[in-house]
Amino acid sequence: MSKSIDKINSTAVPLNEENVDTDQIIPARFLKATSREGFGENLFRDWRYNSDGSPKIDFVLNDPTYYGKILVAGKNFGCGSSREHAAWAIKDAGFDVVVSSFFADIFKNNALNNFLLPVTVSDEFLQKTFHAIKKDPKTTIDVNLEAQTITLPATGDTETFEINNYKKTCLLNGYDDIDYLISIRSEIENFEQHNKAAGEAARDTKHA
């Protein structure tokens, strides 16, 4: 299955909570596993389930009204500890994009490294997004990574978002760091050959 991300048009799950930290995203007791698979079932575990394991019906992830590949969250999402498992859990739960008006830097980097696109929007656009979803849970959001735009088709509102160019290339092509190096192998080899030739020419000139 391709890990690349380019254009995503999807309904969204609204989590209208600010300062959601990584321990709320994936509680510490679930961090023993080293594989990335299976974390999705424990995403927001303490918010989703009662102590007896029964689902809390008032939590948004348990509401079948809301679904999709996009998670829309309140300001300061992913704060707290640096656990990469938070990004694993969100991705494993089926999300490809998280939208917020502010992300903790470490979470943002972890997300990008795990093919989860964090889209930072203005506070105003975020509130318009929550409003659009509340008005119509089936409303869609368009995310265009190549153009770096996010759009609400129902209202026509759109914004651009920032992303590191290297990470953008990796997401568009489904590359991890090793894949990227392999993709530019010929450029690396040409650079090494050029430097080698330049070094030999310099030595020849010195000893002439």
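Below, the structure is looked at part by part. This one's a predicted model, so the numbers in the text were calculated from it and none came from an experiment.

Thresholds, definitions, all that
Residues numbered from 1 in each chain as written. Predicted model: local features only at pLDDT ≥ 70, side-chain atom pairs only at ≥ 80, totals over all residues. Heavy atoms only, no water. Helix = DSSP H or I, 4+ residues; strand = E, 2+ residues; numbered from the N terminus. Buried < 20%, exposed > 50% of the residue type's maximum accessible area, 1.4 Å probe, protein only. Areas by Shrake-Rupley, 256 points an atom, 1.4 Å probe, with all protein chains shown as cover. Pairing = 2+ DSSP bridges. Axes fitted to C-alpha atoms, helices over the stretch in contact; angles between N-to-C directions. Salt bridge = Lys/Arg side-chain N within 4 Å of Asp/Glu carboxyl O. 1 Å grid on protein atoms, 1.4 Å probe; cavity = no way out; pocket = protein on both sides within 12 Å on 5 of 7 lines; lining within 4 Å. Points joined across faces, edges and corners; volume = space filled by probe spheres on them. Nonpolar A, V, L, I, M, F, W, Y, C, P; charged D, E, K, R; others polar.

## With respect to the overall build of the protein
Line of reasoning, step 1. Of the regular secondary structure elements, the protein holds eight helices and eight strands.
Line of reasoning, step 2. Looking at the 208 residues of the protein, the share that counts as buried comes to 38%.
Line of reasoning, step 3. Of the accessible surface of the protein, which amounts to about 11700 Å², a share of 49% is contributed by carbon and sulfur atoms.

## Description of the sheet that holds strand 8 (residues 157-160)
Line of reasoning, step 1. Taken together, four strands build an open sheet; the order of strands is 1-6-7-8 and the sheet is antiparallel. Of all the strands in the sheet, the pair left with one neighbour each is strand 1 (7-10) and strand 8. Mean inter-strand twist for the sheet, computed between neighbouring axes without regard to direction, equals 10 degrees.
Line of reasoning, step 2. Summarising the sheet, strand 7 (residues 149-152) and strand 8 pair through four bridges and their orientation is antiparallel. Each bridged residue has a counterpart across the sheet, and for Leu152 the counterpart in strand 8 is Asp157.

## Some remarks on the pattern of salt bridges
Line of reasoning, step 1. Enumeration over the complete set of coordinates arrives at six salt bridges.
Line of reasoning, step 2. Put simply, Asp23 and Arg83 hold a salt bridge, and the shortest N to O gap is 3.0 Å. With Asp23 in helix 1 (residues 22-25) and Arg83 in the loop between strand 3 (70-73) and helix 3 (85-92), this residue pair connects regions lying 60 residues apart in the sequence.
Line of reasoning, step 3. The exposure class assigned to Asp23 is partly exposed, which follows from its relative accessible area of 38%.

## A closer look at the environment of Ser82
Line of reasoning, step 1. Looking at the element boundaries, Ser82 is found in the loop between strand 3 and helix 3.
Line of reasoning, step 2. Each C-alpha atom, one on Ser82 and one on Ala104, is 9.3 Å from the other, the two residues being 22 residues apart in sequence.

## Remarks on the sheet that holds strand 3
Line of reasoning, step 1. With respect to topology, four strands assemble into an open sheet ordered 2-3-4-5, the strand pairing being parallel. Single-partner strands in this sheet number two, and they are strand 2 (12-15) and strand 5 (117-120). Pairs of neighbouring strands in the sheet enclose a mean axial angle of 20 degrees, with direction left out of account.
Line of reasoning, step 2. Sheet analysis places strand 3 next to strand 4 (residues 97-100), joined by three bridges and oriented parallel.

## Considering the layout of surface pockets
Line of reasoning, step 1. Space inside the second largest pocket adds up to approximately 190 Å³.
Line of reasoning, step 2. Pro14, Leu15, Asn16, Glu17, Trp47, Asp58, Phe59, Val60, Tyr66, Phe130 and Lys134 are the residues that line the second largest pocket.
Line of reasoning, step 3. Looking at the lining of the second largest pocket, the elements that each hand over two or more residues are strand 2 and helix 5 (123-135).
Line of reasoning, step 4. Of the residues in the lining of the second largest pocket, the class split is seven nonpolar, one polar and three charged.

## A short note on the pairing of strand 5
Line of reasoning, step 1. Strand direction decides the pairing type here: strand 4 and strand 5, joined by four bridges, are parallel. Considered in strand 5, the bridge of Val98 is made with Pro118.

## Side note on unusual backbone geometry
Line of reasoning, step 1. The backbone of Asn19 sits at a positive phi, close to 60 degrees, despite the residue not being glycine.
Line of reasoning, step 2. On the secondary structure map, Asn19 appears in the loop between strand 2 and helix 1.
Line of reasoning, step 3. Despite not being glycine, Phe44 shows a phi value in the positive range, around 55 degrees.

On their own, these measurements won't tell you what the molecule is for.
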